[in-house]
Amino acid sequence: MLLLAPILCSAESSAGSGSASARVRIAVTVPPVFRVLQVTRTPQGYDYRVWTNMKSVVIGGQEYRFDRVGESTVRVPTAPGDTWVVHGL
């Protein structure tokens, strides 16, 4: 037999603490970025104006370290055709 009357719902509070806690973990992955903004020829080689979010980069076999994220100038004594870049975080 079907009951045609509406089902009554009720909620009651129980005795105990009135607070709840939870842990939420958020992970953000930022890929490494190394962009050459400008190359200027100088008597000592080439000045590269770069933007990076990495701590260091290897250019032409020499490691260059950066103090901060953002724009920096790197002086490289070799020609752009002879230059290769290895980067990591």
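**Some points on the overall build of the chain**
A tally of helices and strands in the chain yields zero helices and six strands. For the chain, with 89 residues in total, the buried portion stands at 21%. Within the chain, counting contacts between residues at least 6 apart in sequence, those at least 24 apart form 40% of the total. A total accessible area of about 7,800 Å² is found for the chain, and carbon and sulfur atoms account for 54% of it.

**Overview of the side chain of Ser72**
Relative to the elements of secondary structure, Ser72 occurs in strand β5 (residues 70-76). Every residue in contact with Ser72, bar those within four places of it in the chain, is listed here: Tyr48, Arg49, Val50 and Phe66.

**Section: the sheet that holds strand β1 (residues 34-42)**
Read across the sheet, three strands follow the order β1-β2-β5 without closing on themselves; strand pairing throughout is antiparallel. Every interior strand has two partners, whereas the edge strands, β1 and β5, have only one. Within the sheet, the average angular offset between the axes of one strand and its neighbour, ignoring direction, is 20 degrees. Relative to β5, strand β2 (residues 45-52) runs antiparallel, the two sharing seven bridges. By the bridge assignment for β5, Trp51 is matched with Glu71.

**Let's talk about the pairing of strand β4 (residues 62-65)**
Strand direction decides the pairing type here: strand β3 (residues 56-59) and β4, joined by four bridges, are antiparallel. The partner of Ser56 across the bridge, within β4, is Arg65. Joining the antiparallel neighbours β3 and β4 is a turn of two residues, in which Gly60 adopts a positive phi near 60 degrees.

**Thoughts on the environment of Arg65**
Here Arg65 shows up in strand β4. Residues Arg65 and Lys55, ten residues apart in the sequence, show an inter-C-alpha distance of 5.9 Å. Not counting residues up to four positions away in its chain, the partners in contact with Arg65 are Lys55 and Ser56. In terms of polar contacts, Arg65 uses its side chain to reach the side chain of Glu63, at 3.4 Å.

**Structural notes on a nonpolar patch on the surface**
A surface patch of nonpolar side chains, about 470 Å² in accessible area, is lined by Val24, Ile26, Val28 and Val30. Residue placement: Ile26 occurs in the segment before β1.

**Focus on the nonpolar core**
Judged by nonpolar contacts, Tyr46, Tyr48, Val50, Met54, Val57, Ile59, Tyr64, Phe66, Val74 and Val76 together constitute the single largest core of ten residues. Contributions of two or more residues to this core are made by β2, β3 and β5. In terms of residue count, the dominant contributor to this core is β2 (three residues).

Cut-offs used in this document
Every chain is numbered on its own, with residues counted from 1 as its sequence reads. Residues qualify for local features only when their pLDDT is at least 70, as the model is predicted, and side-chain atom pairs are given and counted only at 80 or more; totals for whole chains, interfaces and linings, by contrast, use all residues. As a rule here, side-chain values come from all non-hydrogen atoms in the structure, and water together with hydrogens is ignored. Helix and strand definitions follow DSSP, with helices as H or I runs of at least four residues and strands as E runs of at least two, each counted in order from the N terminus. Three exposure classes are used, based on accessible area relative to the maximum for each residue type with a 1.4 Å probe and protein chains only: buried under 20%, partly exposed in between, and exposed over 50%. Any two residues whose heavy atoms approach within 4.5 Å at even a single point are treated as in contact. For the area figures, the Shrake-Rupley method with a 1.4 Å probe applies, and any residue is considered shielded solely by the protein chains shown. By this definition, two strands are paired if DSSP reports at least two bridges between them. To obtain an axis, a line is fitted to C-alpha atoms, over the contacting stretch when the element is a helix, and the angle between two such axes runs from 0 to 180 degrees between their N-to-C directions. Here a polar contact is recorded for every N or O atom pair within 3.5 Å, except that within protein the pair must consist of a potential hydrogen donor and a potential acceptor, and residues adjacent in sequence are included only if both atoms are side-chain atoms. Each patch groups residues whose relative accessible area exceeds 30% and which form no salt bridge, using 9 Å between like charges and 5 Å between nonpolar side chains of Val, Leu, Ile, Met, Phe, Trp and Tyr. The working definition used for a salt bridge is a side-chain nitrogen of Lys or Arg within 4 Å of a carboxyl oxygen of Asp or Glu. Note on terminology: a nonpolar core comprises buried Ala, Val, Leu, Ile, Met, Phe, Trp, Tyr and Cys residues joined through side-chain atoms within 4.5 Å.

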